[in-house]
Amino acid sequence: VSTQSTWGDSPKVYQLETAMGAAIASLPGSQALVVPRTRFAPVKTCNDLLALRSDAYVVTDDWRIELHPNCKGQPPVVDLDSKLYKMVDGLDSLIPNGVPSLVGCKKLKVSGKVEFAAGSVVEGEVTISNSTSTLQTVNGTLNSAVNF
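Values in this document were obtained by computation on a predicted structure and should not be read as measured data.

Draft legend 1. Up close: the overall build of the protein. The helix and strand inventory of the protein stands at 4 helices and 12 strands. Out of the 148 residues belonging to the protein, those deemed buried represent 27%. Taking as baseline every contact in the protein between residues at least 6 positions apart, the subset at least 24 positions apart corresponds to 31%. Accessible surface computed for the protein: about 9,700 Å², of which carbon and sulfur atoms make up 54%.

Have a look at this one:
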């Protein structure tokens with residue numbers, strides 16, 4: 001499978017992925033295995049990484065990463081501005097004072113230049129939008145839309 005991708009300011013690249021399902025199916029006696037989301041936390045984007053770094057996930061005594069019980073099996077949906085936060089250094093600029101609490105968050109959408117203050121808490125569904133060119137800081141408990 002060929003997928004066209006971009007990585008920051010680099011030229012366009014093509015990712016070549018093997019069709020592992022097809023390959024495994026050709027092996028005699030192979031079987032599919034369904035792994036519940038409670039046993040892993042996939043991280044493919046900085047959206048996923050922000051959720052994983054937050055208190056929405058906990059590390060168990062035997063070093064497994066699990067969703068916090070208060071999330072009731074549903075991780076927060078995070079949607080960060082891909083122009084600013086697609087790469088890890090961009091994500092780190094969003095959270096220089098620490099990762100906000102997302103354990104009570106259902107959905108977080110961030111667009112524009114924003115950073116979270118230390119101790120920020122996101123609850124429910126929150127959209128943070130900064131249409132200015134100036135970096136804006138959000139702080140405290142956020143439980144509604146924030147617009148700059």
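Draft legend 2. Just the environment of L91, in detail. Take L91: it is sitting in helix α4 (residues 88-94). In this structure L91 comes out as buried when scored by relative accessible area, which is 0%. Each C-alpha atom, one on L91 and one on C46, is 6.6 Å from the other, the two residues being 45 residues apart in sequence. Beyond its immediate sequence surroundings of up to four residues, L91 is in contact with C46, L49, L50, R53, L80 and Y85.

Draft legend 3. Layout of the nonpolar core. Counting 26 residues, the largest nonpolar core has L50, L94, L108, V110, F116 and I128 as its most contacted members. Among the elements that make up this core, the one with the highest residue count is helix α2 (residues 46-53) (4 residues). The residues contacting V110, other than those within four sequence positions of it, are D79, L80, D81, Y85, L94, F116 and I128.

Draft legend 4. Region of interest: α2. Taken together, the buried positions of α2 are occupied by C46, L49, L50 and A51. Looking at the buried side of α2, the elements it contacts are β3 (57-59), β5 (77-80), α3 (82-85), α4 and β6 (105-111).

Draft legend 5. Representation of the pairing of β5 within the structure. With burial as the criterion, only one face of β5 is covered, namely that bearing V78 and L80; the residues V77 and D79 on the opposite face remain uncovered. Across 4 bridges, the pairing between β5 and β6 is parallel. Note that in β6 the partner of D79 across the bridge is K109.

Draft legend 6. The arrangement of the pairing of strand β9 (residues 124-129) in detail. As judged from the 6 bridges shared by β6 and β9, these two strands associate in the parallel manner. Note that in β9 the partner of S111 across the bridge is S129. Relative to strand β12 (residues 146-147), β9 runs parallel, the two being bridged by 2 bridges. For S129, the partnering residue across the bridge sits in β12 and is N147.

Draft legend 7. Structural detail: the pattern of salt bridges. Per the stated rule, a full pass over the model turns up 3 salt bridges. Across the salt bridge formed by R64 and D62, the nearest N and O atoms sit 3.0 Å from each other. Accessibility expressed as a relative area gives 46% for D62, which makes it partly exposed. Among the salt bridges present, the one from R64 reaches E66, with a minimum N-O distance of 2.4 Å. When salt bridges with common partners are traced through the structure, they connect D62, R64 and E66 into a single cluster.

Draft legend 8. Local environment of the sheet that holds β9. The strand order across the open sheet formed by 4 strands is β5-β6-β9-β12, and the pairing between neighbours is parallel. Edge positions in the sheet fall to β5 and β12, since each has one partner strand and no second. Strand contacts of α2: β5 and β6, with the helix running at about 130° to β5, the strand carrying the most contacts.

Draft legend 9. Layout of unusual backbone geometry. You will see that W63, though not glycine, has its phi angle at about 70°, which is positive. Following the sequence through the fold, W63 ends up in the loop between β3 and β4 (65-67). Backbone geometry places K72, a non-glycine residue, at a positive phi of 50°.

Each value, and the rule that gives it
- Residues numbered from 1 in each chain as written.
- Predicted model: local features only at pLDDT ≥ 70, side-chain atom pairs only at ≥ 80, totals over all residues.
- Heavy atoms only, no water.
- Helix = DSSP H or I, 4+ residues; strand = E, 2+ residues; numbered from the N terminus.
- Buried < 20%, exposed > 50% of the residue type's maximum accessible area, 1.4 Å probe, protein only.
- Contact = heavy atoms within 4.5 Å.
- Areas by Shrake-Rupley, 256 points an atom, 1.4 Å probe, with all protein chains shown as cover.
- Core = buried A, V, L, I, M, F, W, Y, C linked by side-chain atoms within 4.5 Å.
- Pairing = 2+ DSSP bridges.
- Salt bridge = Lys/Arg side-chain N within 4 Å of Asp/Glu carboxyl O.
- Axes fitted to C-alpha atoms, helices over the stretch in contact; angles between N-to-C directions.

Geometric descriptors of this kind do not, in isolation, establish any biological role.
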